[in-house]
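# Examining the three-dimensional arrangement
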Amino acid sequence: GNRFVLLLLIAVFLPFLFFLILDSIFPFRTDNVKYSKVIYAADSTLLHGFLSSDQKWRLYADLEEVTPALRQAFIYKEDRWFYCHPGVNPLAVLRAAVNNMVKGRRTSGASTITMQLARLLDPAPRNLKSKMLEMFRALQLEWHYTKDEILLTYLNLLPYGGNVEGVKSASLIYFGQSPKALSPAQVIMLTVIPNNPNALRPGNNYGKLLQYRNYWLSQLKGKDIFSNEAIEDAINEPFERKRYPVPSLAPHLSYRLRNR
């Protein structure tokens, strides 16, 4: 009995020790992301936004700007066990492996939100070696950051077509408002576009975007994210095919403050 317990402890402790050693040798951080500089008025109105140093519209949204409905919609669609797994969902990995073997091609990747964030932070070709590294990076992220920090960074880095990244940039450019003012239909569009950003971004493929939007809205019935009445209204909500400019008010003052 004691020997079995000792072997079990060694089996658990040695991989964990190995992980800690690798984590210290190959650290993985999220604090090197280049966000757009923004100028706010005293009443928190966004006066002026600037492209990031790598020429992206990547405006940072804090937790207050990302509504619970927006967070829950992403979790429901992308990773329903997000708050339960340690970065990798072993059941999803096993299911995807069996699925891919049975069908003889890659049909499912089992990527958690944390694994997707690892890929956004360190893009690599989609192959088995990259997937293994992605899993290790996801474990590192979970070791160093809280679930809310991981989710927020993920939402701030999602691709929305061209040089638009993050839910705040997409909200301003595609809907002309902040993430906390979005309708249920707009929230679901934000969850859909990153799956194929250049094809699904507003203005490119209107019919396909609406089809995906309405499919996922119907999937949310009875999930306590939106009421069924709100979902029915959202399915019928029209959508403007236009881009809005990022605010560029008080340019002289804004440029001076940005350079300070």
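Residues numbered from 1 in each chain as written. Predicted model: local features only at pLDDT ≥ 70, side-chain atom pairs only at ≥ 80, totals over all residues. Heavy atoms only, no water.

A few words on the overall build of the protein. For the protein, the count of helices and strands is 12 helices and two strands. The principal-axis extent of the C-alpha atoms belonging to the protein is close to 70 × 50 × 30 Å. Per-residue burial for the protein yields a buried fraction of 43% across its 260 residues. Counted over contacts in the protein with a minimum sequence separation of 6, partners at least 24 positions apart contribute 64%. The positive charge centre, built from 32 side chains, and the negative charge centre, built from 21, are 8 Å apart in the protein. (Helix = DSSP H or I, 4+ residues; strand = E, 2+ residues; numbered from the N terminus. Buried < 20%, exposed > 50% of the residue type's maximum accessible area, 1.4 Å probe, protein only. Contact = heavy atoms within 4.5 Å. Lys, Arg positive; Asp, Glu negative; His and termini not counted. Charge placed at Lys NZ, Arg CZ, Asp CG, Glu CD.)

A separate point is the nonpolar core. With 55 residues, the main nonpolar core has Tyr 160 and Ile 188 as its most contacted residues. Counting only elements with at least two residues in this core, the list comes to α2 (68-78), α4 (113-121), α6 (147-157), α7 (167-175), α8 (184-192), α10 (206-219) and α11 (228-235). Not counting the four nearest positions on each side in its chain, Tyr 160 is found in contact with Phe 74, Gly 166, Val 167, Ala 170, Tyr 174, Leu 190, Ile 193, Pro 194, Pro 197 and Arg 201. (Core = buried A, V, L, I, M, F, W, Y, C linked by side-chain atoms within 4.5 Å.)

With that settled, the discussion passes to the side chain of Thr 114. Following the sequence through the fold, Thr 114 ends up in helix α4. Those residues within four positions of Thr 114 in sequence are excluded, and the remaining contacts are Phe 82, His 85, Gly 87, Ala 138, Leu 141, Glu 142 and Ile 150.

Moving on, we come to a nonpolar patch on the surface. Judged by side-chain polarity, Leu 6, Leu 7, Ile 10, Phe 13, Leu 14, Phe 16, Leu 17, Ile 21, Ile 25, Phe 26 and Trp 143 come together as a nonpolar surface patch covering roughly 1,100 Å² of accessible area. Position of Phe 16 relative to the elements: it lies in helix α1 (residues 2-25). Given the relative accessible area of 35%, Phe 16 is considered partly exposed. (Patch = residues over 30% accessible without salt bridge, like charges linked within 9 Å, V, L, I, M, F, W, Y side chains within 5 Å. Areas by Shrake-Rupley, 256 points an atom, 1.4 Å probe, with all protein chains shown as cover. Salt bridge = Lys/Arg side-chain N within 4 Å of Asp/Glu carboxyl O.)

Between its first and last C-alpha atoms helix α3 (residues 90-103) spans 20 Å; for 14 residues at 1.5 Å apiece the expected length is 20 Å, and the two agree. Structurally, the start of α3 carries an N-cap: the backbone nitrogen of Leu 91 is 3.2 Å from a side-chain oxygen of Asn 89. (Expected span 1.5 Å × (residues − 1). Polar contact = N/O pair within 3.5 Å; in protein donor to acceptor, adjacent residues only side chain to side chain.)

The next thing to look at is the packing of aromatic side chains. A full pass over the atoms with the stated rule returns nine aromatic pairs. The interplanar angle of 75 degrees and the centroid separation of 5.7 Å between the aromatic rings of Phe 19 and Phe 136 together place this pair among those described as edge-to-face. A residue pair is termed long-range when its members are at least 10 positions apart, and Phe 19 in helix α1 and Phe 136 in helix α5 (residues 128-144) qualify at 117 residues. The same class applies to Phe 19 and to Phe 136, which are both buried. (Phe/Tyr/Trp six-rings, centres within 6.5 Å; stacked < 30°, edge-to-face > 60°.)

The side chains of a regular strand alternate, first on one face of the sheet and then on the other. Bridge analysis of strand β1 (residues 38-40) against strand β2 (residues 46-49) gives three bridges, and the strand direction is antiparallel. Bridged to Tyr 40 within β2 is Leu 46. The antiparallel hairpin formed by β1 and β2 contains five residues in its connecting segment, where Ser 44 sits at a positive phi of about 75 degrees. (Pairing = 2+ DSSP bridges.)

As a further point, take unusual backbone geometry. A positive phi angle, close to 65 degrees, is found at Gln 55, a residue other than glycine. Residue position: Gln 55 is located in the loop between β2 and α2. For Gln 55, a relative accessible area of 49% puts it in the partly exposed group. Positive phi, normally seen in glycine, also occurs at Asp 224, with a value near 65 degrees.

As a further point, take the environment of Ala 234. Along the chain, Ala 234 turns up in helix α11. Note on Ala 234: relative accessible area 2%, which makes it buried. It is 7.7 Å that separates the C-alpha atoms of Ala 234 and Ser 183, two residues lying 51 residues apart in sequence. Among all residues touching Ala 234, those that are not within four sequence positions of it are Pro 184, Ala 185, Arg 213, Asn 214 and Leu 217.

A few words on α2. Counting buried positions along α2 yields nine of 11 residues, so the element is predominantly enclosed. When α2 is considered as a whole, its buried residues turn out to be Ala 69, Leu 70, Arg 71, Ala 73, Phe 74, Ile 75, Tyr 76, Lys 77 and Glu 78. Looking at the buried side of α2, the elements it contacts are α4, α6, α7, α8 and α10.

Attention now goes to the side chain of Gln 140. On the secondary structure map, Gln 140 appears in helix α5. For Gln 140, a relative accessible area of 0% corresponds to the buried category. Once residues lying within four places of it in the same chain are set aside, the contact partners of Gln 140 are Phe 19, Asp 23, Phe 26, Pro 27 and Phe 28.

Let us now look at the environment of Gly 162. Tracing the sequence through the fold places Gly 162 in the loop between α6 and α7. Remark: the alpha-carbon pair of Gly 162 and Ala 118, spanning 44 residues in sequence, is separated by 21 Å. In contact with Gly 162, not counting residues within four places along its chain, are Lys 56, Asn 198 and Arg 201.

Nothing here speaks to function; it is all geometry.
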